[in-house]
Amino acid sequence: MISKKHITDRFISYVTIDTESDPESNTTPSTEKQWDLANKLVKELKDIGLSDVSIDDNAYIMATLPSNIKEEVPTIGFISHFDTSPDFTGANVKPQIIENYDGKDIILNKSESIILSPDYFEDLKLYKGQTLITTDGTTLLGADDKAGITEIVTAMEYLIQHPEIKHGKIRIGFTPDEEIGRGAHKFDVDKFGAEWAYTMDGSEIGELEYENFNAAGATITVKGKIVHPGYAKGKMINSMYIAQDFINSLPRMETPEHTSGREGFFHLHSIKGDVEETQLQYIIRDHDKVHFEARKNVMRKLVEEINTQHKKEVIQLDIKDQYYNMREKVEPVMHIVDIAEEAMKALNIKPIIKPIRGGTDGSQLSYMGLPCPNIFAGGHNFHGRYEYVPVESMIKAVEVIVKITELTAKK
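This section reports on the structure supplied with the text. Just so we're clear, the structure is a prediction, and the values are computed from it rather than from any experiment.

1. Let's talk about the side chain of S80
Phase 1: Within the secondary structure, S80 sits in strand β3 (residues 76-81).
Phase 2: At 3.2 Å, the side chain of S80 and the side chain of D145 are in polar contact.
Phase 3: Those residues in contact with S80, other than ones at most four positions away along the chain, are D145, G148, I149, I152, G173, F174, T175 and M200.

2. A word on the pattern of salt bridges
Phase 1: Tallied over the full model, the rule gives 22 salt bridges.
Phase 2: Residue K43 is joined to D47 by a salt bridge in which the shortest nitrogen-to-oxygen separation is 2.8 Å. Taken as a pair, K43 and D47 lie in helix α2 (residues 34-48) at a separation of 4 residues, close to a single helical turn.
Phase 3: The shortest N-O distance in the salt bridge between E277 and K223 comes to 2.4 Å. Residue E277 is located in strand β13 (residues 277-286), and its partner K223 is located in strand β11 (residues 214-223); the two are separated by 54 residues in the primary sequence.

3. Considering the sheet that holds strand β17 (residues 388-390)
Phase 1: Ordered by their spatial adjacency, 3 strands build an open sheet running β4-β7-β17, and the pairing between neighbours is antiparallel. Only two strands of the sheet have a single partner each, and these edge strands are β4 (96-98) and β17. Adjacent strand axes in the sheet meet at a mean angle of 20° when their direction is disregarded.
Phase 2: Across the sheet, helix α10 (residues 391-410) touches β7 (132-134) and β17, and the angle it forms with β17 is around 60°.

4. Examining helix α6 (residues 289-310)
Phase 1: Compared with the 32 Å implied by 1.5 Å per residue over 22 residues, the 33 Å span of α6 between its first and last C-alpha is a close match.
Phase 2: Regarding α6, the residues found buried are F292, R295, K296, M299, L302, V303, I306 and N307. Buried positions in α6, seen along its axis, are confined to an arc of 130° and lie on one side of it. For α6, the exposed residues set more than 90 degrees away from the buried face come down to V290, K301, E304, T308 and Q309.
Phase 3: Taken together, the buried residues of α6 touch β11, α5 (239-249), β12 (265-273), β13 and β14 (315-323).
Phase 4: Looking at the residues trailing α6, positive phi occurs at K311, about 60°.

5. Section: the sheet that holds β13
Phase 1: On the basis of which strands lie adjacent, the open sheet formed by 4 strands has the order β12-β13-β11-β14 and antiparallel pairing. The sheet terminates laterally at β12 and β14, the two strands that pair on one side only. Each adjacent strand pair in this sheet contributes to an overall mean axis angle of 15°, direction not counted.
Phase 2: Note: β11 against β14, 8 bridges, orientation antiparallel. Following the sheet pairing, I220 is matched in β14 by L317.

6. What to know about the nonpolar core
Phase 1: F78, M156, F174, I375 and I404 are the most contacted members of the largest nonpolar core, which totals 67 residues.
Phase 2: When residues of this core are assigned to their parent elements, the largest contribution, 10 residues, is made by α10.
Phase 3: Non-local contacts of I375, meaning those with residues more than four positions away in its chain, are made with Y198, T199, M200, D201, G202, E207, L208, A340, M344, V400 and I404.
Phase 4: In this structure, A216, A243, L250 and M299 belong to the second largest nonpolar core, which totals 21 residues.

Conventions and cut-offs
Residues numbered from 1 in each chain as written. Predicted model: local features only at pLDDT ≥ 70, side-chain atom pairs only at ≥ 80, totals over all residues. Heavy atoms only, no water. Helix = DSSP H or I, 4+ residues; strand = E, 2+ residues; numbered from the N terminus. Polar contact = N/O pair within 3.5 Å; in protein donor to acceptor, adjacent residues only side chain to side chain. Contact = heavy atoms within 4.5 Å. Salt bridge = Lys/Arg side-chain N within 4 Å of Asp/Glu carboxyl O. Pairing = 2+ DSSP bridges. Axes fitted to C-alpha atoms, helices over the stretch in contact; angles between N-to-C directions. Expected span 1.5 Å × (residues − 1). Buried < 20%, exposed > 50% of the residue type's maximum accessible area, 1.4 Å probe, protein only. Arc of directions from axis to C-beta. Core = buried A, V, L, I, M, F, W, Y, C linked by side-chain atoms within 4.5 Å.

This is how it looks when you write it as structure tokens:
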């Protein structure tokens, strides 16, 4: 149905444009370079024949594929983000194409001895005989989520070229800054005008997700007192030791490296400190809303206990909720998940329905009134040098989009 060369060329044209987002920036998009791909996408959407192509002052892109049937059917949407994670550089991406993968180690970078091995990344074994696109070991790839953008654009192009496939009105949206948690913040749901949508932002072929973590960020600030160490007895308060007490008082096995499935965690991802002040940055995650609230309360109680021990306020806590489990908003309209599942089965793809151990624009959009499950885009090992995507998975994702539009029109 879809040419491997065509989809590969399109994907590479996107990933070779640096669109890394910046959590320290207050602008939208957070980096000027995101406009480079955004403007390219606007031109491309017009070139393939979509209508109502628009880009706003914050680089949110929307476009329409008009209905080609007389019957009234729901307007649906497909959404992806064009920024890449600041966790690892996305500058000067040099993709490598591995045809007919033999199931063995892939040398990403010979001079730096960087190897993508199925002994460590077992998912590679699923794609023996397929065409893989990898990094050169010095950057991330950007399949998260330029694979999703590639698939949506290619699916719309295919539907335009095959008017015999009947479908209702389809809206597409591309967003900046998803990787720093702001992808949906300025998304105009009313302007988008869809009854429901799908983010094409999952990983392994077959993934279909409508549950995600409830999420919060916590900043713990510990105040100490610096005194000359030679005369510090009874006077110095070392904020780093108090911070260490806080860290050690949280459940050690309830961290990302010790949890899976629906298990939540506390994740310490940053420490900055000296004697006078130490700051800890945590993320708190749990699929269960009750457990999520309990985790936040564990931190609050711990802060109270430490301050009581020191008989003064030496530690402060600031918790901000980030997003919530979209299951609450999707379950009342489960037919939108059922349609995606039926589309996969019709294409001989085994649906993998599981909770997301992370977040997605779909979570925030669901709470903004646009129910939005997540579908695989095909990539693996996001946010790092070992990222890769099988071309065959991208082609299957295109087929799923097309089939969803077809089934929605029939139903």
